[in-house]
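One-letter residues, chain by chain:
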Amino acid sequence: MKKAMMLISLLLSVSAFAETRKVTLVNYETDGVKQWLPGTIMAKKGDDIEITLINNAPSGIHGFIIPAFGVKKEVLKGKTEVVKFKADKEGLFEMKCHLHPAHVGGQIFIMP
Ligand SMILES: [Cu+2]
């Protein structure tokens, strides 16, 4: 019984560290300027990150990449896609649309 309680408390403490950080980014277009917003997201090293991408821009398909984590997705006009990855390194990393160089980019900050 005591061992079982210790195991349960160990499992609970491990799961407390393995957080899943869920963020929603929406692609807007204003006066011809396209941007995924919010443009900056933050997480902690070790987090599992789940980003929901909603493309509300009337111009059509848009992309989303975070090269440092191998994230790459295209989102059709009016559609939603989800990307998931592990924040296994800390620092400031670029997020952007890989289909349109003029599409305003953003950043993800992974804290220690
Ligand atoms: Cu784009």
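From a predicted model like this one, the values you see are computed outputs, not experimental measurements.

## Considering the nonpolar core
Across soluble globular proteins, nonpolar side chains show a tendency to be buried alongside one another. Core analysis: the biggest nonpolar cluster contains 21 residues, and Leu25, Ile51, Phe64, Ile66 and Ile108 have the highest contact counts within it. Of all elements in the fold, only β1 (20-30), β3 (40-44), β4 (48-55), β5 (62-66), β6 (71-75), β7 (80-86), β8 (91-95) and β9 (106-111) reach the threshold of two or more residues within this core. In terms of residues, this core owes the most to one element, β4, which gives three residues. With sequence-adjacent residues up to four places away left out, Leu25 is seen in contact with Trp36, Leu37, Pro38, Ile41, Ile51, Thr52, Leu53, Ile54, Phe64 and Met95.

## Quick word on a nonpolar patch on the surface
Side chains of Met42, Leu92 and Phe109 sit close together on the surface and give an oily, nonpolar patch of about 290 Å² of accessible area. Note on placement: Leu92 falls in strand β8.

## Some remarks on the sheet that holds β7
On the basis of which strands lie adjacent, the open sheet formed by four strands has the order β2-β1-β4-β7 and mixed pairing. The open sheet has two free edges, formed respectively by β2 (33-37) and β7, since each of these has just one partner strand. In this sheet, adjacent strand axes meet at a mean angle of 20 degrees when their direction is disregarded. One ladder, built from seven bridges, connects β4 with β7; its direction is antiparallel. Of the residues in β7, the one forming a bridge with Ile51 is Val83.

Rules of the game
- Residues numbered from 1 in each chain as written.
- Predicted model: local features only at pLDDT ≥ 70, side-chain atom pairs only at ≥ 80, totals over all residues.
- Heavy atoms only, no water.
- Core = buried A, V, L, I, M, F, W, Y, C linked by side-chain atoms within 4.5 Å.
- Buried < 20%, exposed > 50% of the residue type's maximum accessible area, 1.4 Å probe, protein only.
- Helix = DSSP H or I, 4+ residues; strand = E, 2+ residues; numbered from the N terminus.
- Contact = heavy atoms within 4.5 Å.
- Patch = residues over 30% accessible without salt bridge, like charges linked within 9 Å, V, L, I, M, F, W, Y side chains within 5 Å.
- Areas by Shrake-Rupley, 256 points an atom, 1.4 Å probe, with all protein chains shown as cover.
- Salt bridge = Lys/Arg side-chain N within 4 Å of Asp/Glu carboxyl O.
- Pairing = 2+ DSSP bridges.
- Axes fitted to C-alpha atoms, helices over the stretch in contact; angles between N-to-C directions.

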